[in-house]
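Geometric and topological summary
Okay, here's what each chain looks like letter by letter:
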Amino acid sequence: NFNVQIEKDNHGLLDELTARINKIAQGLGSMETLRQNFVADVSHEIQSPLTSISGYAALLENEALTHAERMHYIQIIQVESKRLSKLSANLLKLSSLDIGVTSLSLTKFRLDKQLQNISILLEPQWSKKNLLLDAELDKVTIYADEELLSQVWINLMHNAIKFTTEGGTIHIVLTRDTEKISCTIADTGLGIAPEDQLHIFERFYKVDKSRDRTIGGNGLGLSMVRKIVELHGGKVTLESEIGKGSTFTISLPVTD
Ligand code: ADP
């Protein structure tokens, strides 16, 4: 933390310079805070599954366990290990996107087909809910990174399915005008409170820490969505109401 103080001259030039240097110093300070928070968040995300894994592994040593108890503990260890490996995969992806190691690999492909394929891929997860893909999405081509964009739809659909109760509906609509292609993913699920909507795209942000732990999230999905969409020159918006549901809209520039 430092403040630059230079005697003022008559032309205000030094004032300007001083203000700029102080602003840069403040910026560096807040970057350092961000970095420290990030390390603390990562450590926490690693620590809690590891504690479960070692705890349940120790319990397994008890020879008097019933078969059901043993299977239950093994299952927890498997879930927590999967959480760790998902965390490391997501962090790697995010950091390579951040530092620009992963440059976009652009190809021309059918966005409507991509959405269809992902809906089919996720069918085991939404089989007790309704997933509607708008019928009008006909031959929408886009020039984009196919693999990264598929991550966007997977994360958004996965959340929409996860937070919608049985019998609810996930509605996906793809539209295009002269400037942009838009995809809305709307669900009739839990909804997100206004104060959470402000933070939901931040890394590691979880609305309900205990609930999200039991359903396996680490709060990175939406930050990846935003990062990938912004790398494509697009933007993400959210409208949501508690108890009614959420609608995420992704707009991407028309490329052809
Ligand atoms: P994760 O990777 O753990 O799924 P996300 O970054 O995707 O986390 O989401 C952050 C938080 O936003 C989640 O913890 C969840 O509580 C909330 N959230 C995301 N999508 C929805 C949705 N469609 N409905 C309700 N809550 C949602």
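Residues numbered from 1 in each chain as written. Predicted model: local features only at pLDDT ≥ 70, side-chain atom pairs only at ≥ 80, totals over all residues. Heavy atoms only, no water.

1. Considering the pairing of strand β5 (residues 180–187)
Counting buried residues along β5, six of its eight residues qualify, which places the element largely inside the surrounding structure. Between the antiparallel neighbours strand β4 (residues 169–176) and β5 lie three residues. Summarising the sheet, β5 and strand β7 (residues 245–253) pair through eight bridges and their orientation is antiparallel. When the bridges of β7 are listed, K180 appears paired with P253. (Buried < 20%, exposed > 50% of the residue type's maximum accessible area, 1.4 Å probe, protein only. Helix = DSSP H or I, 4+ residues; strand = E, 2+ residues; numbered from the N terminus. Pairing = 2+ DSSP bridges.)

2. Some words on unusual backbone geometry
Of note, the phi angle at F204 is positive, near 70°, even though the residue is not glycine. Locating F204 in the fold gives a position in the loop between α6 (194–197) and α7 (209–214).

3. So, helix α5 (residues 146–162)
Along its 17 residues, α5 runs 24 Å from first to last C-alpha, staying within 8% of the 24 Å computed at 1.5 Å per residue. Every buried residue of α5 is listed here: L148, L149, S150, V152, W153, N155, L156, M157, N159, A160 and I161. Two or three places before E147, at the start of α5, stands the capping residue D145, its side-chain oxygen 3.3 Å from that residue's backbone nitrogen. (Expected span 1.5 Å × (residues − 1). Polar contact = N/O pair within 3.5 Å; in protein donor to acceptor, adjacent residues only side chain to side chain.)

4. Notes on the sheet that holds β7
One key point about sheets: their strands pair by backbone hydrogen bonds, in either a parallel or an antiparallel sense. Strand order in the open sheet formed by five strands is β2-β4-β5-β7-β6, and the pairing between neighbours is mixed. Of all strands in the sheet, those with a lone pairing partner are β2 (130–133) and β6 (235–241), marking the two edges. The average undirected angle you get between the axes of adjacent strands in this sheet is 10°. Against the sheet, α5 contacts β2, β4, β5 and β7, and its axis sits at roughly 25° relative to β5. On top of the sheet, helix α8 (residues 221–231) reaches β6 and β7; it is set at about 25° to β7, its chief contact. (Axes fitted to C-alpha atoms, helices over the stretch in contact; angles between N-to-C directions. Contact = heavy atoms within 4.5 Å.)

5. Observations regarding the nonpolar core
By size, the foremost hydrophobic cluster in this structure holds 37 residues, and its most contacted members are L111, L149, V152, W153, I185 and I250. Among the elements that take part in this core, α5 stands out by supplying eight residues, more than any other. Aside from chain neighbours lying at most four places away, what touches L149 is F109, L111, Q114, I142, A144, I228, H232 and L252. Listed in part, the seven residues of the second largest apolar core include V42, L87, L94 and F204. (Core = buried A, V, L, I, M, F, W, Y, C linked by side-chain atoms within 4.5 Å.)

6. A few points about the packing of helix α3 (residues 111–121) against α5
The interhelical angle for the contact between α3 and α5, taken along N-to-C directions, is 50°, at an axis separation of 10 Å. With respect to their mutual orientation, α3 and α5 come out oblique. By crossing handedness, the relation of α3 to α5 is classed as right-handed. Packed against α3, whose contacting residues are L111, Q114, L115, I118, S119 and L121, the element α5 presents E146, L149, S150, W153, I154 and M157 at the interface. Looking at side-chain class alone, the contact of α3 with α5 contains eight nonpolar, three polar and one charged residues. (Parallel < 35°, antiparallel > 145°, perpendicular 65-115°, else oblique. Left-handed = near helix turned anticlockwise from the far one by under 90°. Nonpolar A, V, L, I, M, F, W, Y, C, P; charged D, E, K, R; others polar.)

7. A few points about the packing of aromatic side chains
Counted by the stated rule, this structure contains two aromatic pairs. An angle of 50° between the planes, with centres 5.3 Å apart, marks the rings of Y56 and Y73 as tilted. With a gap of 17 residues between them, Y56 in helix α1 (residues 13–60) and Y73 in helix α2 (residues 67–98) connect regions that are remote in the sequence. Taking the relative accessible area as the measure of exposure, Y56 reaches 26% and is therefore partly exposed. Judged by relative accessible area, which is 16%, Y73 ranks as buried. Ring centres 6.2 Å apart and planes at 85° place the aromatic pair F201 and F248 in the edge-to-face group. Residue F201 is found in the loop between α6 and α7, and its partner F248 is found in strand β7; the two are separated by 47 residues along the sequence. (Phe/Tyr/Trp six-rings, centres within 6.5 Å; stacked < 30°, edge-to-face > 60°.)

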